[in-house]
Amino acid sequence: MDDTKFIHKGSRRYYLANLALFLAGFVTFASLYDFQPLFPNLVREYGITPAMASLSLSVATFSLAFTLPFSGSLSDAVGRRPLIISASILAPVLAFGAAVHHAFSGMLLLRLGQGIILAGVPAVAMAYLNEETEPNALGAAMGLYIAGNGMGGMSGRILTAWFTDLMGWRWALVSMALLCFVCGLIVWACLPGSRNFSGKPFQPRALLVSMADHLKNPGLRRLYLIAFCCMGGFVTLYNYVTFRLRGRDFSLSHTQVGLIFLAYAFGSVSSTAMGNLVNTYRRRRILSSALCIMTIGLVLTVGSYLWLVIAGIVLFTIGFFGAHSVASAWVGQLAAHSHAQASSLYLFFYYLGSSISGTIGGTIYHGWAWPGVVALILALLGIAFIICLGIQSVSHCQKPISPLAP
């Protein structure tokens, strides 16, 4: 391949690509999670249960989960850039529609569409970077894109909570939709065209056969279940801790509750630190330690002092990000082929856990309040821990692969 076709570090195309993909990641996760701090508002507005309110997030993550395994293969046919740009612009348009739609059922339908469209960014953006960026600049570019993901997820929650105190929850969502739409236009204007893309026909049957082969791998199956349990517990905690913090126990404002999402900053540090520890210790040991940290943090949230609850949320978040970083990287080590598809399946179970547990948690909260939610998450962490102990017995026979292997 002609070296002049690559995006070189320090070049104008490099800065434009980084800006565009940072904003694409921001749009994706700000749009996906901006409803999460608003569940108490939806309960009051529509007279629904917390479980019904959680569907405003769950339907989006559910449709995202089912679309993700196919989005990468679709981009092989239509191109990376068109899919990234379409998702970055259309998702905020649907977000605006969901914000102003007064029927809860219509809002959910628009959120379902958002999840489908947003699947056009995560796997495709990474494929774009791998194809277009020179090797010695890829790490920095990928890190910036992932930073955009984290910034979007954190800012979408915090800004929505802040705007809600200032102007009400509908105008908060409208403001976020407009912000994301402007970001989408910048993505359209700045993202350089592909020079190294080589299209190939979309072959759903071959994709399904390949995914079925991954599911036959016992090590991968265990990691997929761990992803389901960990993300299910993580989203369930953040979905319903807002009810407790806004309720009579603490009576916090939207802005104050939104600040709990700053715990993501600690999680980002944790993911890097625990990812580096796998060079010294066994992955199973790091992963099981991360699950124990999540458990300790979860138990602390039962406390009656606000500082103890906040400390528990931070500790739980640190453990989750560490577990996710180790488990997601381990998928690449155990996959015998088609590593992008193996990772897409990991994300499928990851977001499926978010959708299912995040909704079930609402029913439990309605009946048993916060202790019931804690019991549900403890059960998920217990299952994940037992599965983790069994990975080593099947993974020792798997041949490690080079990170650069196709």
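Along each chain, numbering runs from 1 in the same order as the chain's sequence is written. The model is predicted, so local features are restricted to residues of pLDDT at least 70 and side-chain atom pairs to those at 80 or more, both for listing and for counting; the totals for chains, interfaces and linings are taken over all residues. Note: side-chain values were computed over all heavy atoms of the structure, leaving out hydrogens and water.

Caption draft 1: View of the overall build of the protein chain. Within the protein chain one finds 15 helices and zero strands. Taken along the three principal axes of its C-alpha coordinates, the protein chain extends 65 × 50 × 40 Å. The burial tally for the protein chain puts 55% of its 406 residues in the buried class. In this description, contact between two residues means that some pair of their heavy atoms is separated by no more than 4.5 Å. Of the contacts made within the protein chain by residues no fewer than 6 positions apart, 82% connect residues no fewer than 24 positions apart. Side chains of the protein chain give 24 positive and 11 negative charges; the mean places of these two sets differ by 8 Å. Secondary structure is summarised from DSSP: a helix means a run of H or I of at least four residues, a strand means a run of E of at least two, and numbering begins at the N terminus for each. Per-residue accessibility, obtained with a 1.4 Å probe over protein chains only, is compared with the maximum for each type, and a residue is labelled buried under 20%, exposed over 50%, and partly exposed between these values. In this count, Lys and Arg are taken as positive residues and Asp and Glu as negative ones, while His and the chain termini are left out. Charge coordinates come from a single atom per side chain, which is NZ of Lys, CZ of Arg, CG of Asp or CD of Glu.

Caption draft 2: The packing of aromatic side chains, seen in detail. Classification of ring pairs rests on two measures: the distance between centres of Phe, Tyr or Trp rings, Trp counted by its six-membered ring, which must be within 6.5 Å, and the angle between planes, read as stacked under 30 degrees, edge-to-face over 60 and tilted in between. Per the counting criterion, the structure on display carries 23 aromatic pairs. Taken together, a centroid distance of 6.1 Å and an interplanar angle of 85° make the contact between F234 and F321 edge-to-face. Residue F234 is located in helix α10 (residues 218–246), and its partner F321 is located in helix α14 (residues 306–334); the two are separated by 87 residues in the primary sequence. A relative accessible area of 4% means that F234 is categorised as buried. Take F321: its relative accessible area is 16%, and that puts it in the buried class. Both rings, one in F320 and one in F321, keep their centres 5.6 Å apart while their planes meet at 85°; by these two values the pair is edge-to-face. Taken together, the ring pairs in this structure connect F234, Y238, F261, Y264, F316, F320, F321, Y346, Y350 and Y351 into an aromatic cluster. Any Lys NZ or Arg CZ that is within 6 Å of a ring centre and within 35 degrees of that ring's normal is treated as a charge sitting over the ring. A cation over a ring is seen here: R157 above Y33, with NZ or CZ 4.0 Å from the ring centre.

Caption draft 3: Examining a nonpolar patch on the surface more closely. Nonpolar side chains (Val, Leu, Ile, Met, Phe, Trp, Tyr) are joined into patches within 5 Å and like charges within 9 Å, using only residues with over 30% relative accessible area and no salt bridge. Only the protein chains shown count as cover for residues, and the accessible areas themselves come from Shrake-Rupley with a 1.4 Å probe. In what follows, salt bridge is the name for a side-chain nitrogen of Lys or Arg lying within 4 Å of a carboxyl oxygen of Asp or Glu. On the surface, W162, L166, M167 and W171 cluster together into a nonpolar patch covering about 470 Å² of accessible area. Considering every element that reaches the nonpolar patch, the biggest residue donor is helix α7 (residues 135–167), with three residues. Given a relative accessible area of 55%, W171 falls into the exposed group.

Caption draft 4: Geometry of the nonpolar core. F234, Y238 and Y351 are the most contacted members of the largest nonpolar core, which has 93 residues in total. In terms of nonpolar packing, the next biggest core, distinct from the first, is built from 33 residues, Y14, I84, A141 and V187 among them. By nonpolar core is meant a set of buried Ala, Val, Leu, Ile, Met, Phe, Trp, Tyr and Cys residues that side-chain atoms within 4.5 Å join together.

Caption draft 5: How the structure looks around helix α9 (residues 204–215). To estimate the expected span of a helix, subtract one from its residue number and multiply by 1.5 Å. Over its twelve residues, α9 runs 17 Å from end to end, which matches the ideal 16 Å to within 8%, given 1.5 Å per residue. Taken together, the buried positions of α9 are occupied by L207, S210, M211 and H214. Looking straight down α9, one finds that the buried residues subtend no more than 100° of arc, so they occupy a single side. Within α9, the exposed residues directed more than 90 degrees away from the buried face are R205 and V209. Along the arc lie the directions from the helix axis toward the C-beta atoms.

Caption draft 6: Fine view of unusual backbone geometry. Even without being a glycine, S251 presents a positive backbone phi close to 55°. Counting through the fold element by element, S251 comes out in the loop between α10 and α11 (254–258). Positive phi, close to 60°, is recorded for A369, a residue that is not glycine. Examined against the element boundaries, A369 turns out to sit in helix α15 (residues 339–395). Assessed through its relative accessible area of 35%, A369 is described here as partly exposed.

Caption draft 7: Layout of the pattern of salt bridges. By the definition in use, this model includes four salt bridges. Between D34 and R111 there is a salt bridge; the shortest N-O distance is 3.9 Å. Taken together, the residues span a long stretch of sequence, with D34 in the loop between α1 (12–33) and α2 (39–46) and R111 in helix α5 (residues 104–118) at a distance of 77 residues. For the residue pair D34 and R111, the accessibility class agrees, reading buried in each case. For the salt bridge of E131 with R80, the shortest nitrogen-to-oxygen distance reads 2.4 Å. Here R80 lies in helix α4 (residues 80–100) and E131 lies in helix α6 (residues 122–132), a separation of 51 residues in the sequence. For the pair shown, E131 and R80 are each scored as buried.

Caption draft 8: Spotlight on the confidence of the model for the protein chain. Across the protein chain, the average pLDDT comes to 88, with 93% of residues at or above 70. Confidence of the predictor at the level of single residues is given by pLDDT, which spans 0 to 100. Here residues 393–406 is modelled with pLDDT under 50, and outside its nearest four sequence neighbours on either side it reaches 15 contacts, counting other chains as well.

Caption draft 9: Quick peek at the side chain of T301. As for its placement among the helices and strands, T301 is situated in the loop between α13 (283–300) and α14. Ignoring anything within four residues of it in the chain, the contact list for T301 reads L237, R244, V309, G312, I313, W370 and V374.

Caption draft 10: How the structure looks around the environment of E132. Tracing the backbone shows E132 in helix α6. As for E132 and N196, which are separated by 64 residues in sequence, their C-alpha atoms are 6.1 Å apart. Once residues within four sequence positions are removed from consideration, E132 is found in contact with K5, F6, I7, G193, S194, R195, N196 and F197.

Caption draft 11: Spatial organisation of the packing of α2 against α10. Every axis in this analysis is a line fitted to C-alpha atoms, fitted for helices over the stretch in contact. Angles between the N-to-C directions lie between 0 and 180 degrees. In the contact formed by α2 and α10, the axes pass within 8 Å of each other and the chain directions differ by 75°. When the interaxial angle is binned, α2 and α10 end up roughly perpendicular. Together, F39, P40, V43 and R44 of α2 and N239, T242, F243 and R246 of α10 make up the contact between the two elements. Residues were grouped as follows: Ala, Val, Leu, Ile, Met, Phe, Trp, Tyr, Cys and Pro as nonpolar; Asp, Glu, Lys and Arg as charged; and all remaining residues, including Gly, as polar. Taken together, the residues of the contact of α2 with α10 break down into four nonpolar, two polar and two charged. Every angle not falling under 35 degrees, over 145, or within 65 to 115 is termed oblique; those three ranges are roughly parallel, roughly antiparallel and roughly perpendicular.

Caption draft 12: Examining the side chain of T359 more closely. Relative to the helices and strands, T359 resides in helix α15. Polar contacts involving the side chain of T359 include one to the main-chain carbonyl oxygen of S355, which spans 2.9 Å. Those residues in contact with T359 that sit more than four places away from it in its chain are A51, S54, L55, S58 and Y240. Think of a polar contact as two N or O atoms within 3.5 Å of one another; within protein, one of them needs to be a possible hydrogen donor and the other a possible acceptor, and neighboring residues in sequence only count if both atoms come from side chains.

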